[in-house]
Amino acid sequence: MKQFLSFVKKEFYHIFRDRRTILILLVMPVIQIILFGFAITTEVKDTPIAVLNPVKDDASRQIVERLAASEYFTLVSEANRVEDIEKALQKGEIKLAVVFYPDNILHTGEAAVQIIVDATDPNQANIFANYATNIISQWAIENQWNNSQLKIVPQIKMLYNPQMKGAYNFVPGVMGLILMLICAMMTSVSIVREKEMGTMETLLVSPVKPIYIILAKITPYFVLSIVNLTTILLLSVFVLGVPVAGNLWLLILLSLIFILSTLSIGLFISNVVSTQVAAMLISGMALMMPTMLLSGIIYPIESMPEILQWLSCILPVRWYIAAVRALMIQGVDFIFVVKEFAILTGMALVLLGVSLKRFNVRLNN
Amino acid sequence: MEKVIKTEKLTKKFGDFTAVDAISFEVGTGEIFGFLGANGAGKTTVMRMLCGLSHPTSGIGTVAGFDIFHQSESVKKNIGYMSQKFSLYNDLKVWENLRLFGGIYGMKEIEIVEKTTKTLQELGFESERNTLVKSLPLGWKQKLAFSVSIFHEPKIVFLDEPTGGVDPVTRRQFWELIYAAATRGITIFVTTHYMDEAEYCNRVSIMVDGKIEALDTPRNLKNTFDAVSMDEVFQRLARKAKRSDNY
């Protein structure tokens, strides 16, 4: 036990004396969560728009006011000619334009409103168009225009994330990403460093059992992952305003299982490579990229080609993120995440078993 | 003299390749035993087997009275080891390195404290106690690494090319440390490429292609081979090697 403690202490010295490591471990998660939470967002906010309103009657004016007042849009110009609008779109000064055609709505009961959107980014364009349409139809409903006809107005309710905040989507993803990075990358690099430096051999010659060496290498990263988990949760609750809707303890338990599985991945990587650079590359390329692309952080898994969907199933992080979404955002009961728990636990045990076995095999050669 | 290392037909095969071919030798307590051989002759493999890092394919070996195959844990408690790569932690302070290895070998807290002071005094390193190892000159690091390897007073210490890249003056000082340790009864098992260092050993073995081709005191070896220096002895034996340098 004393041996083990002197080891763990040494491991903490390594971490705290290397400025880069400490930066990656403690500062990066904070920056990432803030970046993802605020900067990288798919929310529509203050999108610059222009209107071309030759009609200038009450109705069209009210609509323009609505558009300008909405938090989604900022009215940057009131154009006089269609060409102006085209130019502004080309220059990127505006993303969307609303054009009123000269029919007097209130008198004839007919009107044409055109919404022109910059569709360079099709998803964004769709969202802009929808918001603009909603604002206009909302006005129409409130002003009982068209009241002669029977109209079905769908009431859309946004569940779990009523304000449609991007952070709700990103927080679970970033949690998965950061824990993956710290556990897998940092663990593998720190073990391989000892191999590269030659200190691993000195340790193996010592009477300390190899399993203790490995456990001692893993322990600090386990502790730091928990620190990070706490930081992320605190930041998301108090800074990003994403509440933990479900059971906090369940979420923590889930995270611990996930941390265990990624630590095992790191251990496994450290078994198969012999240089720090290789360890970085493998955990960077072979782990981070699939994690970013396939685990549903950026693209929804459901809309991927089937083969990629299957591929994503072998990533522990996919199940983790899915379960965090369910627990944290939807606030479901344990029964709804049993599958994710079971799969993650299974993966963690298999990975741990395989890497420990490999470590022993390597020793005996 | 009591024997602390004994091997009988110790063999290690990697697939079809016989790295170590049925070698038998003995090393006595307090002896400085030079273990020579060209690169690829099998020195490191023998050393790894004796340290319990690698299992022999066949043959018997005992180190400090323990069987290297079945009692490697007990073997490890009684030996020290200094690898050819620098084996201390650069980002730990001098005393922290000593503290760590004392802890690893299960020394008591009070022992560690006393031994640290003593070791630093012997090395003349008292002022470097709180220095990070990475800022020490290479020669100092090597001396410190040796002191760490015998910090827990092992019966035997294995030194794998301990003086690689070190200047002649420091090498000389290094060998003074080795002599001091041997005088205290610690057996020294050392590999080296420097033939002047071979002359410092009590007995020398020369490995060629996995076999021990010669084993005697430097003086006897020189007489047998009618050579003026160990270098000449080594050259004659090593020339017979069929394995290339870095196969």
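Just so it is clear, the model here is predicted, and its values are computed rather than measured.

Student: Looking at this structure, how should I read the overall build of chain A?
Tutor: From N to C terminus, chain A includes 14 helices and four strands. Relative to its full complement of 365 residues, chain A shows a buried share of 45%. Long-range pairs, those at least 24 residues apart, make up 75% of the contacts in chain A between residues at least 6 apart in sequence. When the accessible surface of chain A is split by element, carbon and sulfur atoms take 63% of a total near 18,600 Å².

Student: Just to check I follow, could you spell out the layout of surface pockets for this structure?
Tutor: Rolled over the atoms, a probe with the dimensions of a water molecule shows which regions are left empty. Residue and element names in this part refer to chain A. Taken as a whole, the second largest pocket holds about 540 Å³ of empty space. Elements that contribute at least two residues to the lining of the second largest pocket include exactly α1 (2-17), α2 (19-39), α7 (166-197) and α11 (276-294). Counted by class, the lining of the second largest pocket contains ten nonpolar, six polar and seven charged residues.

Student: Please clarify how unusual backbone geometry should be interpreted in this entry.
Tutor: All names here are of chain B. Positive phi, normally seen in glycine, also occurs at K9, with a value near 50°. Locating K9 in the fold gives a position in strand β1 (residues 3-14). Non-glycine residue A64 carries a positive phi angle of around 55°. For A64, the location among the structural elements is in the loop between β4 (58-63) and β5 (66-67).

Student: Hey, could you run me through the sheet that holds strand β7 (residues 156-160) of chain B in this one?
Tutor: Each strand in a sheet pairs with another by means of backbone hydrogen bonds, the pair being arranged parallel or else antiparallel. Residue and element names in this part refer to chain B. Strand order in this open sheet of six strands is β6-β7-β8-β3-β9-β10, and the pairing throughout is mixed. Looking at strand neighbours, the two that pair on one side only are β6 (79-82) and β10 (211-216), the edges of this open sheet. For this sheet the average axis-to-axis angle between neighbouring strands, irrespective of direction, equals 15°. Looking at chain direction, strand β3 (residues 32-37) and strand β8 (residues 187-191) are connected through four bridges and run parallel. Its bridge partner being in β8, G34 is matched across the sheet by V190.

Student: Before we go on, may I ask you to explain the side chain of R171(B) in this structure?
Tutor: In this fold, R171(B) is placed in helix α6 (residues 168-183). Other than its neighbours up to four places away in sequence, R171(B) contacts T163(B), V166(B), Y194(B), D196(B) and E197(B).

Student: Explain the interface of chain A and chain B to me, please; I cannot follow it from the model alone.
Tutor: When the parts of a complex come together, some accessible area is lost, and that lost area is often taken as the interface size. Across the contact, 25 residues belong to chain A and 32 residues belong to chain B. With both chains or domains summed, chain A and chain B bury close to 2,600 Å², and 56% of this area falls on carbon and sulfur atoms. Among the residues chain A hides against chain B, the three largest losses belong to R17(A), V205(A) and P207(A). Together they make up 24% of the total. In this structure, the connection of chain A to chain B is made through two salt bridges. A salt bridge links R48(B) to E201(A), with the nearest nitrogen and oxygen atoms 2.5 Å apart. Secondary structure elements with two or more residues in the side of chain A that touches chain B: α1, α7 and α8 (199-205) of chain A.

Student: Got a minute to help me understand the nonpolar core in this structure?
Tutor: Most often, soluble globular proteins keep nonpolar side chains buried together rather than apart. Ranked by size, the top nonpolar core spans 155 residues in total, and within it I5(B), F25(B), L50(B), F146(B), F158(B), I188(B) and F189(B) carry the most contacts. When residues in this core are grouped by element, the largest group, 18 residues, is from α7(A). Excluding its chain neighbours within four sequence positions, the residues that come into contact with F158(B) are I5(B), M47(B), L50(B), C51(B), I79(B), G80(B), Y81(B), M82(B) and F189(B). In terms of nonpolar packing, the next biggest core, distinct from the first, is built from 18 residues, V44(A), I49(A), V64(A) and I135(A) among them.

Parameters and conventions
- Residues numbered from 1 in each chain as written.
- Chains lettered and ligands numbered in written order.
- Predicted model: local features only at pLDDT ≥ 70, side-chain atom pairs only at ≥ 80, totals over all residues.
- Heavy atoms only, no water.
- Helix = DSSP H or I, 4+ residues; strand = E, 2+ residues; numbered from the N terminus.
- Buried < 20%, exposed > 50% of the residue type's maximum accessible area, 1.4 Å probe, protein only.
- Contact = heavy atoms within 4.5 Å.
- Areas by Shrake-Rupley, 256 points an atom, 1.4 Å probe, with all protein chains shown as cover.
- 1 Å grid on protein atoms, 1.4 Å probe; cavity = no way out; pocket = protein on both sides within 12 Å on 5 of 7 lines; lining within 4 Å.
- Points joined across faces, edges and corners; volume = space filled by probe spheres on them.
- Nonpolar A, V, L, I, M, F, W, Y, C, P; charged D, E, K, R; others polar.
- Pairing = 2+ DSSP bridges.
- Axes fitted to C-alpha atoms, helices over the stretch in contact; angles between N-to-C directions.
- Buried area = accessible area lost by both parts, 1.4 Å probe.
- Salt bridge = Lys/Arg side-chain N within 4 Å of Asp/Glu carboxyl O.
- Core = buried A, V, L, I, M, F, W, Y, C linked by side-chain atoms within 4.5 Å.

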